[in-house]
Amino acid sequence: LLRTEIPVGLRRPPGPTPLPLIGNVLELGGNPHLSLTKMSQRYGDVMQIQIGTRPVVVLSGNETVRQALIKQGDDFAGRPDLYSFQFISNGKSLTFSNDHAGVWRARRKLAQNALRSFSTVESPTSSYSCVLEEHISLEAEYLVKRLSGVMEADGSFDPFRHIVVSVANVICAMCFGRRYSHDDQELVNLVNLSDEFGRVIASGNPADFIPALRILPNRNMRAFLGISNKFNTFVQNIVTDHYRSFDKSNIRDITDSLIEHCQDKKVDENANIQISDEKIVSIVNDLFGAGFDTISTALSWCLMYLVSHPDIQKKIHQVLDEHVGRERSPRLSDRPSLPYVEAFILETFRHSSFLPFTIPHCTTKDTALNGFYIPKDTCIFVNQWQVNHDPSLWKDPSTFSPERFLNAEGTGINKAESEKVMLFGLGKRRCIGESIGRSEVFLFLAVLLQRLEFRSLPGQKLDLTPEYGLTMKHKRCQLSASLRYRHGADSE
Ligand code: HEM
C-alpha cells in the first residue's frame, strides 16, 4: 500500500508515520482499541497504520463500517493470512483461515444449517419451544443449584469459572450430544484457558506481523500453542468416537450431521466446490470454540455490571417478578415483555464492547472507501469499540445506562438505538451464532436473576477495566449470591 500507485482521484488513507521495521507498534500499546480510537479522531474513519512492515487499514465510524462491510461486503469479506491463525484447527478453521471465497461460503452455509438444525428445531420430547431453549433452561437451573452449593461451601465464587462450564455444556449438547460435569477436569481446564488464547489471537498482536518476534521466547505464544493443541485433541477425540458409532439413520448432533455431509458430498452441487472431509468436519471446532467463550464472557460482564449497579439489579428482579413470577421458569417467549432486561444486555454489550474488534478482515480485490484507495490483500481492522463509544452516536458514552435503549414510554426497545450497537460484526462475515448468542445471554440471565441476588464481597473493590484480547475479560474476582426464595425442590 505504501509503494503501490494510487489510481487517479483516490488518495492513500492518512495515518501516523511508521518507524522502520516495527511500524506503529509502539503507538498501538497494550490497548489497541483505545489507541486506535484516539488516532481515528485525528486521521478519520479510514486510516492506515503499519504493524512491522505490513500496512493495516483501520475502519471506524458506524457509517464507514456499514459502507465497507455491507454495501461493499464482497470487497472486504476476506481474512488475512496471519501467523497465529494457522494454528487454529490446524489451519483449517472456517472463521480464521483465508479459504478461497467459494469454499468459505459453502462451509459457512453448512455451519449455519447445522447450527439451525440443532438449535431452533422443535424439541420432540418436551414442552420447550426448541432444543436450544431446553438445553439452556436445564443448564441454567443446574447453574443456580451449583452456585448455591458453592456459596454454602465456600461463601463466594469466581463467576466465569462456573458460567463457562454451563455455557460450554449448551454448545456441547448441540455439537457433541453430551454434557459434562462441573467437576470434569478436562473440560474445566480447557474452557478456563481461553484468556491466553484471546490475547494471542487479538487484533494487532505484533508476532502476527513481525517474524523476528516469533523466534524470541514468548510466554503468551507458548501458552497459545499449548491451548490450540489441547483444544484440537479434545475435539478430535470426540469426532473419532462419532465416526466409530455413526449411524446414518440416527443423526444425533452437529458432528454427525457434518459426517453425513462428507458421505453425501452435498456441500455445493451448483458451484461444484470440492471440500475435503477434514474441512467439513472441522467446522465443529469453530462452532464449539466460538460457542462458549463469547457467551460466557458476555454473562460474566452482565454479573459485574449488576453487582456494581445494585439499583439496576433490583429493577430486573422487579420486572421478572412482575412478568414471569416465581411459579414458573423464564422462557425465550418472555423476551418481548422484558424490555428492561433486553436494554440491560444491550448496554452491557455496548459499554464493555468485549469484542473490541471484529476478527481481522482482508480485501479480496483493489477497492476504494470514502475516496481512499485500498489494494487487494490489505489487512483490515474494524474498531467496534470506537463505534460503541462514539460521542457523535451516543450521549455520555462512558455512562452505563440501560435506559438509553428504551422507547419514550419505557415499554419497548428503541430499535434504531439498539441497531447501533456493534458486537457481532456486519455483512458477509457477520457472526453466524448471533441469534443463539442473544437468546442464550437472555435466558441464562433471566433464570439466574429470577432465583438469585448477586453481590460483591464486602471490602472488595470491583475492577471493571477490560483486559485486551479477542474477547476482553474483566479481572477474575469473587462474588457472592443468595437465593431470593426457595422452590420445594431446593430443600430436598
Ligand atoms: C464470527 C461475535 C457467539 C460462531 C464472529 C465475529 C464476531 C462475533 C465479532 C467476527 C465477525 C467479523 O469478522 O466481521 C460474537 C458474539 C457472540 C458470538 C459477541 C456472543 C455473545 C457465537 C456463537 C457461535 C458463533 C454462539 C456458534 C455457535 C461464529 C462463527 C464466526 C463468528 C462461526 C465466523 C464467521 C465467518 O468467518 O464467516 N462472532 N459471536 N458466534 N461467530 Fe460469533
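Residues numbered from 1 in each chain as written. Predicted model: local features only at pLDDT ≥ 70, side-chain atom pairs only at ≥ 80, totals over all residues. Heavy atoms only, no water.

A. Highlighting the overall build of the protein chain. In terms of regular secondary structure, the protein chain is built from 18 helices and eight strands. For a compact globule of 492 residues, the expected C-alpha radius of gyration is about 23 Å, and the protein chain comes in at 23 Å, within 12% of that figure. In terms of its C-alpha atoms, the protein chain occupies a principal-axis envelope of roughly 75 × 55 × 45 Å. Evaluated residue by residue, the protein chain yields a buried proportion of 57% over its 492 residues. Considering only intrachain contacts with a sequence separation of at least 6, the fraction spanning at least 24 residues in the protein chain is 73%. Of the accessible surface of the protein chain, which amounts to about 21,100 Å², a share of 51% is contributed by carbon and sulfur atoms. Each charge class in the protein chain can be summarised by its mean position, and for the 56 positive and 56 negative side chains these summaries are 4 Å apart. (Helix = DSSP H or I, 4+ residues; strand = E, 2+ residues; numbered from the N terminus. Rg over C-alpha atoms; globule rule 2.2 N^0.38 Å. Buried < 20%, exposed > 50% of the residue type's maximum accessible area, 1.4 Å probe, protein only. Contact = heavy atoms within 4.5 Å. Areas by Shrake-Rupley, 256 points an atom, 1.4 Å probe, with all protein chains shown as cover. Lys, Arg positive; Asp, Glu negative; His and termini not counted. Charge placed at Lys NZ, Arg CZ, Asp CG, Glu CD.)

B. How the structure looks around unusual backbone geometry. We note that Ser89 has phi near 50°; this positive angle belongs to a residue other than glycine. Exposure remark for Ser89: the relative accessible area of 7% places this residue in the buried category. One non-glycine residue with positive phi stands out, namely Ser353, at about 40°. Mapped onto the elements, Ser353 comes out in the loop between helix H15 (339–352) and strand E3 (361–362).

C. Quick peek at the sheet that holds E3. Spatially, the four strands line up as an open sheet ordered E1-E2-E6-E3, and their pairing is mixed. The sheet terminates laterally at strand E1 (46–51) and E3, the two strands that pair on one side only. Relative to strand E2 (residues 54–59), E1 is paired through six bridges, and the arrangement is antiparallel. Each bridged residue has a counterpart across the sheet, and for Gln48 the counterpart in E2 is Val57. In the packing of helix H2 (residues 32–43) onto the sheet, the strands contacted are E1, E2 and strand E6 (379–382), and the crossing angle to E1 comes to about 130°. (Pairing = 2+ DSSP bridges. Axes fitted to C-alpha atoms, helices over the stretch in contact; angles between N-to-C directions.)

D. Region of interest: empty space enclosed by the protein. As enumerated under the stated definition, the model contains two cavities of 30 Å³ or more in all. Roughly 60 Å³ of volume is contained in the second largest cavity. Taken together, Asp195, Gly198, Arg199, Glu467, Tyr468, Gly469, Thr471, Met472 and Lys473 make up the lining of the second largest cavity. For the lining of the second largest cavity, the residue count by class is two nonpolar, three polar and four charged. (1 Å grid on protein atoms, 1.4 Å probe; cavity = no way out; pocket = protein on both sides within 12 Å on 5 of 7 lines; lining within 4 Å. Points joined across faces, edges and corners; volume = space filled by probe spheres on them. Nonpolar A, V, L, I, M, F, W, Y, C, P; charged D, E, K, R; others polar.)

E. Expanded view of the coordination of the iron atom of the ligand. Among protein atoms, the single one acting as a donor to the iron atom of the ligand is Cys431 (SG), 2.3 Å away. Locating Cys431 in the fold gives a position in the loop between helix H17 (415–418) and helix H18 (434–451). (Donors = N, O, S within 2.8 Å, 3.2 Å for Na, K, Ca; no water.)

F. Structural context of the pattern of salt bridges. A complete count under the given rule lists 29 salt bridges for this structure. The salt bridge partner of Glu347 is Arg350, with a shortest N-O separation of 2.8 Å. Taken together, the residues Glu347 and Arg350, both in helix H15 and three residues apart, mark about one turn of the helix. Exposure class is identical for Glu347 and Arg350. Each is buried. (Salt bridge = Lys/Arg side-chain N within 4 Å of Asp/Glu carboxyl O.)

G. Representation of the pairing of E2 within the structure. Judged by how many residues are buried, E2 sits mostly within the fold: five of six residues are covered. What sits between the antiparallel neighbours E1 and E2 is a turn of two residues, in which Gly52 has the positive phi angle 65°.

H. A look at the side chain of His317. As for its placement among the helices and strands, His317 is situated in helix H14 (residues 310–323). Judged by its relative accessible area of 7%, His317 is buried. For His317, the residues in contact, after removing those within four places along its chain, are Leu449, Leu452, Glu453 and Arg484.

I. Fine view of the nonpolar core. The biggest cluster of nonpolar side chains holds 134 residues, and the ones touching the most others in it are Ile254, Phe288, Phe344 and Phe454. The dominant element in this core, judged by the number of residues it contributes, is helix H13 (residues 283–308), at 15 residues. Here Phe344 is in contact with Cys302, Tyr305, Leu306, Ile312, Ile316, Phe400, Pro402 and Leu445, once residues within four sequence places are set aside. Membership of the second largest hydrophobic core comes to 15 residues, among which are Leu59, Leu69, Phe372 and Val387. (Core = buried A, V, L, I, M, F, W, Y, C linked by side-chain atoms within 4.5 Å.)

J. The packing of helix H6 (residues 159–176) against H18, seen in detail. Where H6 contacts H18, the axes come no closer than 12 Å and their chain directions differ by 135°. When the axis of H6 is compared with that of H18, the two are oblique. By crossing handedness, the relation of H6 to H18 is classed as right-handed. In this structure, H6 contributes Ser166, Val167, Val170 and Met174 to the contact, and H18 contributes Ile436, Glu440 and Phe444. A breakdown of the residues in the contact of H6 with H18 according to their chemical character gives five nonpolar, one polar and one charged. (Parallel < 35°, antiparallel > 145°, perpendicular 65-115°, else oblique. Left-handed = near helix turned anticlockwise from the far one by under 90°.)

K. Region of interest: H2. Between its first and last C-alpha, H2 extends 15 Å over 12 residues, near the 16 Å set by a 1.5 Å rise per residue. For H2, the set of buried residues is Pro32, His33, Ser35, Leu36, Thr37, Met39, Ser40 and Tyr43. Of the surrounding elements, those touching the buried residues of H2 are helix H1 (25–28), E1, E2, E6 and helix H16 (384–388). Immediately downstream of H2, the backbone of Gly44 shows phi near 105°, a positive value. (Expected span 1.5 Å × (residues − 1).)

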